[in-house]
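Chain and residue survey
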Amino acid sequence: MIETFASPTRVGEISRFDAETLSGAAAYLGAGQGTILFVVDPRPFPVRDAAIAELAKTKNIAVLDRVVPDPKSADIDAMAEAARELKPEIVIGIGGGSTLDSAKAAAMLLANGGSLDDYLGPNASRVAEKKGPLLVLIPTTAGTGSEVTRFGVYTARTGRKYTLASPLLRADAALLCEELVASLPAPLVAMAGYDALTHALETLWNKNATPLSDLLAEKALAAVYENLRAAWEESNGRTVKKNSSSACFGLLRAANAAGVAFDKTGTAAIHALSFILSEEWHLPHGAACAFFTGAIYSRNSKEAAVAAKLARVARRTGTAAETDSDSTAAAKLGDAFETLRADLKLAARFAELEGFGQTTDARKTAEIVARFGTSLDDPKMKNNIVPMDAESVRAVLEEKLP
Ligand SMILES: [Fe+2]
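Now for a description of the structure that goes with this document. (Residues numbered from 1 in each chain as written. Predicted model: local features only at pLDDT ≥ 70, side-chain atom pairs only at ≥ 80, totals over all residues. Heavy atoms only, no water.)

Bringing the packing of aromatic side chains into the picture now. Each aromatic ring pair is summarised here by two numbers: the centre-to-centre distance and the angle between the ring planes. Under the defined criterion, the tally for this structure stands at 10 aromatic pairs. Seen in terms of ring centroids, Phe292 and Phe372 are 5.8 Å apart; in terms of plane orientation they differ by 70 degrees. Their pairing is edge-to-face. Taken together, the residues Phe292 in helix α10 (residues 285-300) and Phe372 in the loop between α13 (362-371) and α14 (379-382) connect sequence positions 80 residues apart. With a centroid separation of 6.4 Å and 75 degrees between ring planes, the pair formed by Phe350 and Phe372 is classed as edge-to-face. Highlighted residues: Phe350 in the loop between α12 (326-343) and α13 and Phe372 in the loop between α13 and α14, separated in sequence by 22 residues. For the residue pair Phe350 and Phe372, the accessibility class agrees, reading buried in each case. Members of the aromatic cluster, each reached through a chain of ring pairs, are Trp281, Phe291, Phe292, Phe350 and Phe372. Cation over ring: Lys380 sits above Phe275, and NZ or CZ is 3.7 Å from the ring centre. (Phe/Tyr/Trp six-rings, centres within 6.5 Å; stacked < 30°, edge-to-face > 60°. Helix = DSSP H or I, 4+ residues; strand = E, 2+ residues; numbered from the N terminus. Buried < 20%, exposed > 50% of the residue type's maximum accessible area, 1.4 Å probe, protein only. Lys NZ or Arg CZ within 6 Å of the ring centre and 35° of its normal.)

The subject of this paragraph is the layout of surface pockets. If you add up the space inside the second largest pocket, you get close to 280 Å³. Those elements that place two or more of their residues in the lining of the second largest pocket are α1 (2-6), β1 (10-14), α7 (211-235) and α8 (247-265). In terms of residue count, α8 provides more of the lining of the second largest pocket than any other element does, 5 residues in total. Along the lines of polarity and charge, the residues of the lining of the second largest pocket split into 7 nonpolar, 4 polar and 4 charged. The residue makeup of the lining of the second largest pocket includes at least three contributed by each of domain 1 (2-181) and domain 2 (186-399). (1 Å grid on protein atoms, 1.4 Å probe; cavity = no way out; pocket = protein on both sides within 12 Å on 5 of 7 lines; lining within 4 Å. Points joined across faces, edges and corners; volume = space filled by probe spheres on them. Nonpolar A, V, L, I, M, F, W, Y, C, P; charged D, E, K, R; others polar. Domains from an automatic or database assignment.)

Surrounding the iron ion are the protein donor atoms Asp195 (OD), His199 (NE2), His271 (NE2) and His285 (NE2), which sit 2.1 to 2.2 Å from the metal. Geometry at the iron ion is irregular, judged from the 4 donor atoms that bind it and their angles of 83 to 167 degrees at the metal. Donor residues binding the iron ion come from one chain and are separated in sequence as D-x3-H-x71-H-x13-H. A residue pair is termed long-range when its members are at least 10 positions apart, and Asp195 in helix α6 (residues 186-204) and His271 in helix α9 (residues 269-281) qualify at 76 residues. Classification of Asp195 by relative accessible area gives buried; the value is 3%. Overall, His271 belongs to the buried group, its relative accessible area being 3%. (Donors = N, O, S within 2.8 Å, 3.2 Å for Na, K, Ca; no water. Tetrahedral: all angles 85-135°; square planar, octahedral: opposite > 155°, others 65-115°.)

Glancing now at the pairing of strand β3 (residues 61-64). Here β3 shows one buried face, formed by Ala62 and Leu64, and one open face, formed by Ile61 and Val63. Pairing of strand β2 (residues 36-39) with β3 involves 4 bridges; the strand directions are parallel. Bridge pairing in β3 links Val39 to Leu64. In this region the chain leaves β2, passes through helix α3 (residues 46-55) and returns to the parallel neighbour β3; the handedness of that crossover is right-handed. (Pairing = 2+ DSSP bridges. Right-handed = clockwise from strand over helix to strand, strands pointing away.)

Here's what the structure looks like:
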């Protein structure tokens, strides 16, 4: 697996989750008898909770279970403060993207001090300089890839959402566990899976793309596409086959590969726009990414170099014929992604968003367009292969309004 060599984070795969796995991971990283600090969300999760309880019989453990969705600086600061007292030798984050990002930031703050706000945004006053305690990340959703990236997404006290990037945020090890993603609810599979699809896409049409990131992203994009519908159907209970390797685990592996890919380049326009949608209309991250995918795809795929990459994925997945031109093959792949998005019940127009309603009011339309203005200052927007300006952002938004 090329990802194994391309990622600084060591990635292991396991089928069952138990205390032995957790102590094995700690020992593998060379941890001694120091405190193991778990970062988790407060919802009961029997498999996870049983493993931690079992481990507590033989190890010094502590649990921080206050993780919230879309973690805010204040939440992370409080977590780091509590962790400082515990002096952990190793931090283990188990959960979705918000949990993994929280564990990354708490571990980073333990070593570097200050408030998370000091590190966020264009006016950040500090940068991470020291490596935190050993960090193991274990995803329980199939999508974010956060377990292998140098990125975390946090909401500052100002309410703005920022991506924090630092090699010192990377985990030492990540564990992909089949049992943990075996019973994901369908909407979560759809959102997290589509997020992974956009990670691979935004690697391919990124100004920072390299031959290595292209290789990783093309492979990941094909794998996410090939697994996402089956995982969604599996989570809906329609096609569960006993004793077969689960499609949700296939999606987790694909999403992890997409994480290794976008770790090289960062994301681009879809993500920059999605942050505003999440800030203003509180749409979950994956759904906000899906919202903009078609519009950005149609613009970026007009670049010949991008079309060539997308065409290879289209042929690899059987979405296009070998004889199709690059632009035809890329267009077919874009159509297939839009069909998948609609089948997964992910919105692409404002009128489809809950509580939004129809608007034909020109002033409201202008207000919406104005709110997306700050996306142009986001460094992710500048990664987009096709330059985006106020006019192109307006055009994207107008396609999505009545
Ligand atoms: Fe994302």
